[in-house]
Amino acid sequence: RLERLQRVVTKLQMESGLCEEQLNQADALLQADVRLLAAGKAPQKAAEVERDLDKADAMIRLLFNDVQTLKDGRHPQGEQMYRRVYRLHERLVSIRTEYNLRLKSGAPVTAVTAASVTSAQRRPEPDEAPLRYLQELLAWVEENQRRVATAEWGVDLPTVETHLGAHRGLHRAIEEFRAKVERARADEVRPLGNGDPPVLGVTANVPPVPPQNSSKSRLRHLESLHGFVSAATKELLWLSEREEEEVAFDWSHNNPAMAAKKESYS
């Protein structure tokens, strides 16, 4: 059994290293395209970034399964491996969030310029790029609302800890997303002068709170569940130790410790 679990540890160490390389590659490509956007040029590597992130996502799901095997087997390196995979998951969420907000739509949120205002006055229908960006923001909100609504809770301490760790990473991404949308919304409100009303950018239509509220509620319930399951697990371990002690005890009358056992029972 220990040899089998040690093979799982070795596999985790090797594959987590490969996953880290995958994330490094995705981040490098993403930053290169962000620099192109900042220079007013079209991104070149969006499809590759998305493909690398999807690969890393699939790898992390399998790594969490291996971590669960270690925790079920009470391997001493189970917690260490869990933290390692959790950090990879956090980084994946961070890179994917930046990709969705800055690269995927091809239209980063910016303040309204005089030229865009003049254009909007001449042509009331929205430009295609901001509309596409709005659709990407809404899709991000809907996807994470679905993830929060359909996520599992866990059936024992290791699975609850896994879901809690994964959701903390997701909740941080949702909080960062909300902060970026609020900043973008503030930047996009610009008075035109001459008594005209302010112009609102595309982010004014992004739902501000549903996934955040659902995520906060799920995080609170997961932490409560984790506290209860942790306490229950300690009681069960204590009970198991007492049971093993009783089963292994020599109950014959010749056992000199019998008197002490009777005293203990009394």
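Refer to the preceding data block for the structure.
Rules of the game
Residues numbered from 1 in each chain as written. Predicted model: local features only at pLDDT ≥ 70, side-chain atom pairs only at ≥ 80, totals over all residues. Heavy atoms only, no water. Helix = DSSP H or I, 4+ residues; strand = E, 2+ residues; numbered from the N terminus. Buried < 20%, exposed > 50% of the residue type's maximum accessible area, 1.4 Å probe, protein only. Contact = heavy atoms within 4.5 Å. Areas by Shrake-Rupley, 256 points an atom, 1.4 Å probe, with all protein chains shown as cover. Patch = residues over 30% accessible without salt bridge, like charges linked within 9 Å, V, L, I, M, F, W, Y side chains within 5 Å. Salt bridge = Lys/Arg side-chain N within 4 Å of Asp/Glu carboxyl O. Lys, Arg positive; Asp, Glu negative; His and termini not counted. Charge placed at Lys NZ, Arg CZ, Asp CG, Glu CD. Axes fitted to C-alpha atoms, helices over the stretch in contact; angles between N-to-C directions. Parallel < 35°, antiparallel > 145°, perpendicular 65-115°, else oblique. Left-handed = near helix turned anticlockwise from the far one by under 90°. Nonpolar A, V, L, I, M, F, W, Y, C, P; charged D, E, K, R; others polar. Phe/Tyr/Trp six-rings, centres within 6.5 Å; stacked < 30°, edge-to-face > 60°. Lys NZ or Arg CZ within 6 Å of the ring centre and 35° of its normal. 1 Å grid on protein atoms, 1.4 Å probe; cavity = no way out; pocket = protein on both sides within 12 Å on 5 of 7 lines; lining within 4 Å. Points joined across faces, edges and corners; volume = space filled by probe spheres on them. Domains from an automatic or database assignment. Polar contact = N/O pair within 3.5 Å; in protein donor to acceptor, adjacent residues only side chain to side chain. Expected span 1.5 Å × (residues − 1).

A. Geometry of the overall build of the chain. Summing up its helical and strand segments, the chain has 8 helices and 0 strands in all. Here the chain holds 266 residues, and the buried ones make up 33% of them. Expressed as a percentage of contacts within the chain between residues at least 6 apart in sequence, the contacts between residues at least 24 apart total 75%. Per element, the accessible surface of the chain, about 16000 Å² overall, is 55% carbon and sulfur.

B. Structural detail: a positive patch on the surface. Residues R1, R4, R7 and R74 make up a contiguous surface patch of positive charge. Its place among the elements puts R7 in helix α1 (residues 2-38).

C. Local environment of the packing of α1 against helix α2 (residues 46-72). Contact geometry for α1 and α2: axes closest at 9 Å, N-to-C directions at 160°. As far as their axial angle goes, α2 and α1 are roughly antiparallel. Regarding α1 and α2, the two cross each other, and that crossing is left-handed. Among the residues forming the contact of α1 with α2, the class breakdown is 19 nonpolar, 4 polar and 8 charged.

D. Inspection of the packing of aromatic side chains at higher detail. Taken as a whole, this structure holds 4 aromatic pairs when the rule is applied. A ring pair is formed by Y82 and Y86, whose centres lie 6.1 Å apart and whose planes are at 10°; its orientation type is stacked. Placement of both Y82 and Y86 in helix α3 (residues 78-104) is noted, with a separation of 4 residues, approximately one turn of the helix. For the residue pair Y82 and Y86, the accessibility class agrees, reading buried in each case. With a centroid separation of 5.0 Å and 70° between ring planes, the pair formed by F249 and W251 is classed as edge-to-face. Aromatic rings pair up to connect F64, Y82 and Y86 into one cluster. Sitting over the face of the ring of Y82, K71 holds its NZ or CZ atom 4.2 Å from the ring centroid. Seen from the ring of W153, R218 lies directly overhead, with NZ or CZ sitting 4.6 Å from the centre.

E. Looking closely at the side chain of H171. Looking at the element boundaries, H171 is found in helix α6 (residues 157-188). What H171 contacts, discounting residues up to four positions off in sequence, is Q212, S215, K216 and L219.

F. Local environment of the layout of surface pockets. Computed from the structure, the largest pocket encloses a volume of approximately 1000 Å³. Surrounding the largest pocket, 34 residues form its lining, D57, R61, H89, R147 and A166 being those nearest its centre. Elements with a contribution of two residues or more to the lining of the largest pocket: α2, α3, α5 (128-150) and α6. Here the element with the most residues in the lining of the largest pocket is α5; it accounts for 9 residues. Class assignment of the residues belonging to the lining of the largest pocket gives a composition of 12 nonpolar, 11 polar and 11 charged. Both of domain 1 (1-104) and domain 2 (130-189 + 202-250) provide at least three residues apiece to the lining of the largest pocket.

G. Representation of the environment of H167 within the structure. Topologically, H167 is positioned in helix α6. Separated by 19 residues in the primary sequence, H167 and V148 have C-alpha atoms spaced 8.3 Å apart. Ignoring sequence-local partners within four residues, the contact set of H167 consists of V148, S215, R218, L219 and L222. A polar atom in the side chain of H167 sits 2.9 Å from the backbone oxygen of S215.

H. Local environment of the side chain of R218. Among the structural elements, R218 can be located in helix α7 (residues 210-248). An unpaired buried charge is present at R218: no salt bridge exists, and E152, the closest side chain of opposite charge, is 8.1 Å distant. From its side chain, R218 meets the backbone oxygen of E152 in a polar contact 2.7 Å long. Contacts of R218, omitting those with residues within four sequence positions, involve V148, A151, E152, W153, H163 and H167.

I. Looking closely at a nonpolar patch on the surface. A grouping of L236, W238 and L239 is seen on the molecular surface, where their side chains present a nonpolar patch of about 350 Å² in accessible area. The residue L239 is located in helix α7 in this model. Owing to a relative accessible area of 52%, L239 belongs among the exposed residues under this scheme.

J. Representation of α2. Taking 1.5 Å of rise per residue, the 27 residues of α2 would be expected to cover 39 Å, and the 39 Å separating its terminal C-alpha atoms lies within 8% of that figure. Taken together, the buried positions of α2 are occupied by V49, D52, L53, A56, I60, L63, F64, D66, V67, Q68, L70 and K71. Among the residues trailing α2, R74 stands out with phi positive, at a value near 55°.

Coordinates in, geometry out; function isn't part of it.
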